[in-house]
Amino acid sequence: MFSVHLLAYYFSKLKEDPTKKVDRFLYSMRLNDDQLRDVSARLLQEMQDVLSSQSSAAESIKMLPTHVCSTPDGSENGDFLALDMGGSRFKVLRVKVRQQVGKKGGVEMEEKTYSIPKELLNGKGSELFDHVSKSLKDFADTNNIDLEKKHPLGFTFSFPCHQNTLNQGVLLNWTKNYRARGVQGKDVTRALMESIQRTGGMDVELLALVNDTVGTMMTCAFDDPYCEVGLIIGTGTNACYMEELRHINLVEGDEGRMCVNTEWGAFGDDGALKDYITDFDRDIDAASATPGKQIFEKLISGLYLGELVRLVVLKMAKQGLLFEGHAPDALRTKGKITTAHVASMEQYKDGLRNTRAILEDLGLAPSDDDCVAVQHVGTVVSFRSSNLVAAGLAAILTRVRQNRKLKTLRITVGVDGTVYRTHTQYAKRLHKVVRRLVPDCHVRFVLSESGSSKGAAMVTAVAQRLASQRRQVDEALSSLKLTQEHLGYVKSRMRAGLEAGLKSQGPSPVKMLPAYVYRTPDGTEHGNYLALDLGGTNFRVLLVKIRSGLSRSVRLYNKIYAIPLEVMQGTGEELFDHIVQCISDFLDYMGMKNTRLPLGFTFSFPCQQTSLDAGVLVTWTKGFKATDCEGEDVVGLLRDAIRRREEFDLDVVAIVNDTVGTMMTCAYEEPTCEVGLIAGTGSNACYMEEMKNIEMIEGDEGRMCVNMEWGAFGDNGCLDDMRTEYDRTVDDLSLNPGKQRYEKMCSGMYLGEIVRNILIDLTRKGFLFRGQISETLKTRGIFETKYLSQIESDRLALLQVRSILQHLGLDSTCDDSIIVKKVCGAVSHRAAQICGAGMAAVVDKIRENRGLDHLDVTVGVDGTLYKLHPHFAGVMQQTVNKLAPQCNVNFLLSEDGSGKGAALITAVGCRLREELKSQ
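Small disclaimer: the values here were computed from a predicted structure and weren't measured.

Caption draft 1: Geometry of a negative patch on the surface. Residues Glu 573, Glu 574, Asp 628 and Glu 632 make up a contiguous surface patch of negative charge. Secondary-structure assignment places Asp 628 in the loop between β20 (614–617) and α20 (634–645).

Structure follows, in structure tokens:
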């Protein structure tokens, strides 16, 4: 009875669909999408862990920085030599790269393949590299290349290396049957260059060392700028991609991107893939030259796929599932089924015929079902390979998309390798599964037509372009760099300017206007005061309630009103009527129209004051051009407008510059505050000067605040040797050419324009925006100073910088963003240094006035540039410390602006007025 059942079972198996039989036998190799997503998630986590570690000596993937920080942009140009070494043969190439102009340009290549004798693969490393260098010399001689003239060289070296620079790399371990002695742990570029020197007769400069994966990415990126991933599926497998530099702990800096060579073939060496390893995989690993290593590669690559198929077919034969249980010696021999055999088995039309021929060559007499089954074994093994590659790519693409905070990612993957090239079904399966695993990534696959050899030349060309670009950008920005000697000149010339301004005879661009403020607040101020603050396109009206005594406090109520451009540049009467209209609205809002309040007027323009409540406008600045105001008493103009309104009456007690108001605001909190600084739309300073030094004012006792109006410093030409062509362009096109030259070098109204003019110059020279000057970039004022503050923020990644530029209509690359950030940094750094040099002159003057060896003083500061720019305050403080070492200068930010200061000056003025009345 048992034999009957056994015979029935045997015949049922014979009649079973051979593909189902294989599927049941290899069920553990059939991976569903959930399993692939799990593999992808494990790889993604491992990538993140290795990137954030301080060592590249990971048990699994390496995530090696390649120091390739840019893909081709089409402007590369030149003749390059390239070596491509990674198998039993290597290539020497001459690559001519021509800059793309329209559809013209491209790459021309000449190449020759040289074999590497087996004894060199296992011999001395020096002999291996001597062979390579002699082949390079042979290639040059054959192609009439004059190597006495220096040639840039790129070296594709397809083995894991740790790189500290683009043209250096220490071999971590050999792979692919290489075992040359004395190379592991050494710099392979140095070994190659030493061999080239021994060979002699060649003047070459090795500019780049690249992995074949990186070379593939760069080859494809020359034709497709979206190519930022490289993939090899051949004898081995690997991938690289452009990672954000800020995430790579092994490399200093956080600007831009760098290509990372994942060396993903080692994924699973730490046991991460143990759930997906079959007995066949264990057998493959145990019999390999590197047991326990390159686990992911052994599941995927061409070196192992054929052997996997052989082991499966052999086991099925032993179990009587194939060939009626017959397993000849050939089938038991390692390497008898190759990956090329697997590819031929799966050919669309001839696959079964090819399978039969392969099996017959092994001494088998396969049935039709045997051929179908063996063909299906090959399909399952290669399908698993493409599925695992898809899972790996899904991890990389997800990483890139998340890095860039994108909902959807458009990207191209450059691919090379014999498995991908020759296996008819492989690429189609891979593409389909990738798109299924990452539907939020629009992925294009491009086959590298020229292999990784061209890529080495492209990396070299890009390296040469970037080096030249950096030199020329640095040269363009060099005029903005100020030495300590330069800053010393600014300080001494500012000191000379303010000394001249204090004298009653002789003109000086530094006006040194008496403010008629004789003291800072002492805490006894009390009452309700109205304050006006006019200094830009916005105008503020404030009610300031000051309380003295134990519960000393200042409370502010305010509203902001816009000043339309037509009012700013209309008539004086229209401007002051608009101001009074705003006051009327505010008094209605506060319910105080019938209250006569003392008023302080912060008027942030140069005025020649004859008393605290009288100031003649010297000149408009900051875009104001209202007629019939210059040379007039602005307090009188305000009083006239109030009378015309006939709705209320106000007691105008003081006219105050915003700088003076800022000083007074901070002095209320900090008694050592005797200097005021505005670093915003405009730039100005004031300080408490000894009365005896102010020649245009009678009296020698006490001190008075002097409004320097230092924005005009340099109008006499004393800064011409430090002004750049960009400063002159901004000045020439301003509303007041030749005026406010110091302000135009360091204030918020002009820094963005300086940056824009530099960007135009760099674009014209071909260093930015692919040399295309857009209409946006031609638009004056488009690059506001607030963008400098945003772009230079330490928290802002280059992706966000690029987003700002795109918001401005400037379609930029990552490289463009780096240059723009560098330009912004150079312009704002100089501005902060110049401002600091001027302040050093002021505090040293105060110290010398008082005959002190050491001065402790506080500077009250206001202005958007100081408040919002991430580095301005620090650079300015550092400059003051260096130029005025005998002064301990504390900068105190004014929290309430100059409006509060105007009210405090009004309170002090009212108190002084009462004191004079009582005398």
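Caption draft 2: Looking closely at unusual backbone geometry. Phi is positive for Phe 323, which is not a glycine, with a value near 55°. Secondary-structure assignment places Phe 323 in the loop between α10 (302–318) and α11 (339–345). Positive phi values are uncommon outside glycine, yet Glu 646 reaches one of about 55°. Following the sequence through the fold, Glu 646 ends up in the loop between α20 and β21 (651–656).

Caption draft 3: Spatial organisation of the pattern of salt bridges. What the rule picks out here adds up to 60 salt bridges. Between Arg 310 and Glu 307 there is a salt bridge, and its shortest N-O distance comes to 2.6 Å. You can see Arg 310 and its partner Glu 307 sitting in helix α10, three residues apart, about one turn around the helix. Across the pair, exposure class does not vary: Arg 310 and Glu 307 are buried alike.

Caption draft 4: Seen up close, the side chain of Asp 761. Here Asp 761 lies in helix α24 (residues 748–764). For Asp 761, a relative accessible area of 10% corresponds to the buried category. In this structure the side chain of Asp 761 is engaged in a polar contact, spanning 2.7 Å, whose partner is the side chain of Tyr 726.

Caption draft 5: Quick look at the environment of Gln 806. Assignment of secondary structure puts Gln 806 in helix α27 (residues 798–807). You can call Gln 806 partly exposed: its relative accessible area is 41%. Leaving out residues up to four positions away in the same chain, Gln 806 has contacts with Asp 811 and Ser 812.

Caption draft 6: Spotlight on the sheet that holds strand β9 (residues 227–233). Ordered by their spatial adjacency, six strands build an open sheet running β1-β11-β10-β9-β12-β13, and the pairing between neighbours is mixed. With one partner strand each, in any of the chains shown, β1 (64–65) and β13 (441–447) form the two edges of the open sheet. The pairing of β9 with strand β10 (residues 237–244) spans five bridges and is antiparallel. Residue Ile 232 lies in a different strand from β10, and its bridge partner there is Asn 238.

Caption draft 7: A look at the packing of aromatic side chains. Inspection of every chain in the model, using the stated rule, returns 20 aromatic pairs. Three or more aromatic residues link up through ring pairs in this structure, and these residues are Phe 155, Phe 157, Phe 159, Trp 174 and Tyr 178. Stacked on the ring of Tyr 226, the Lys or Arg Arg 410 has its end atom at 3.8 Å from the ring centre.

Caption draft 8: Structural context of the sheet that holds strand β15 (residues 527–534). The strand order across the open sheet built from five strands is β17-β16-β15-β18-β21, with neighbouring strands paired in mixed fashion. Strands with a single pairing partner mark the edges of an open sheet, and in this sheet they are β17 (553–562) and β21. Averaged over neighbouring strand pairs, the angle between their axes works out to 20° when direction is ignored. The sheet contact formed by strand β18 (residues 598–603) and β21 spans five bridges and is parallel. Within β21, the position partnered with Phe 601 by the bridge is Ile 655. Its contacts with the sheet put α20 on β15, β18 and β21, and the angle it makes with β21 is roughly 145°.

Caption draft 9: Examining the packing of helix α28 (residues 814–849) against helix α30 (residues 872–883) more closely. Two elements in contact, α28 and α30, have axes separated by 7 Å at closest approach and are oriented at 40°. Judged by the angle between their axes, α28 and α30 are oblique. Once α28 is placed against α30, the crossing between them reads as right-handed. Counted together, Ser 828, His 829, Ala 831, Ala 832, Gln 833, Cys 835, Gly 836, Ala 837, Met 839, Ala 840 and Asp 844 of α28 and Phe 872, Val 875, Met 876, Thr 879, Val 880 and Leu 883 of α30 form the full contact between these two elements.

Caption draft 10: Molecular detail of α20. With twelve residues, α20 should reach 16 Å at 1.5 Å per residue; the first-to-last C-alpha distance of 17 Å fits that figure. Elements in contact with the buried residues of α20: β15, α19 (572–590), β18, β19 (607–611), β20 and β21. A distance of 3.0 Å separates the backbone nitrogen of Val 635 from a side-chain oxygen at the start of α20, and that oxygen is part of Asp 633. Residue Glu 646 follows α20 closely and has a positive phi angle near 55°.

Caption draft 11: Local environment of helix α6 (residues 188–199). With twelve residues, α6 extends 17 Å from end C-alpha to end C-alpha; this agrees with the ideal 16 Å at 1.5 Å per step. For α6, the set of buried residues is Val 188, Thr 189, Leu 192, Ser 195 and Ile 196. All buried residues of α6 lie within an arc of 125° about the axis, which places them on one face of the element. For α6, the exposed residues set more than 90 degrees away from the buried face come down to Arg 190 and Gln 197. Buried-residue contacts for α6 involve β2 (78–85), α5 (125–142), β5 (151–157), β6 (161–165), β7 (168–171) and β8 (204–210).

Rules and cut-offs
Residues numbered from 1 in each chain as written. Predicted model: local features only at pLDDT ≥ 70, side-chain atom pairs only at ≥ 80, totals over all residues. Heavy atoms only, no water. Patch = residues over 30% accessible without salt bridge, like charges linked within 9 Å, V, L, I, M, F, W, Y side chains within 5 Å. Areas by Shrake-Rupley, 256 points an atom, 1.4 Å probe, with all protein chains shown as cover. Salt bridge = Lys/Arg side-chain N within 4 Å of Asp/Glu carboxyl O. Lys, Arg positive; Asp, Glu negative; His and termini not counted. Charge placed at Lys NZ, Arg CZ, Asp CG, Glu CD. Helix = DSSP H or I, 4+ residues; strand = E, 2+ residues; numbered from the N terminus. Buried < 20%, exposed > 50% of the residue type's maximum accessible area, 1.4 Å probe, protein only. Polar contact = N/O pair within 3.5 Å; in protein donor to acceptor, adjacent residues only side chain to side chain. Contact = heavy atoms within 4.5 Å. Pairing = 2+ DSSP bridges. Phe/Tyr/Trp six-rings, centres within 6.5 Å; stacked < 30°, edge-to-face > 60°. Lys NZ or Arg CZ within 6 Å of the ring centre and 35° of its normal. Axes fitted to C-alpha atoms, helices over the stretch in contact; angles between N-to-C directions. Parallel < 35°, antiparallel > 145°, perpendicular 65-115°, else oblique. Left-handed = near helix turned anticlockwise from the far one by under 90°. Expected span 1.5 Å × (residues − 1). Arc of directions from axis to C-beta.

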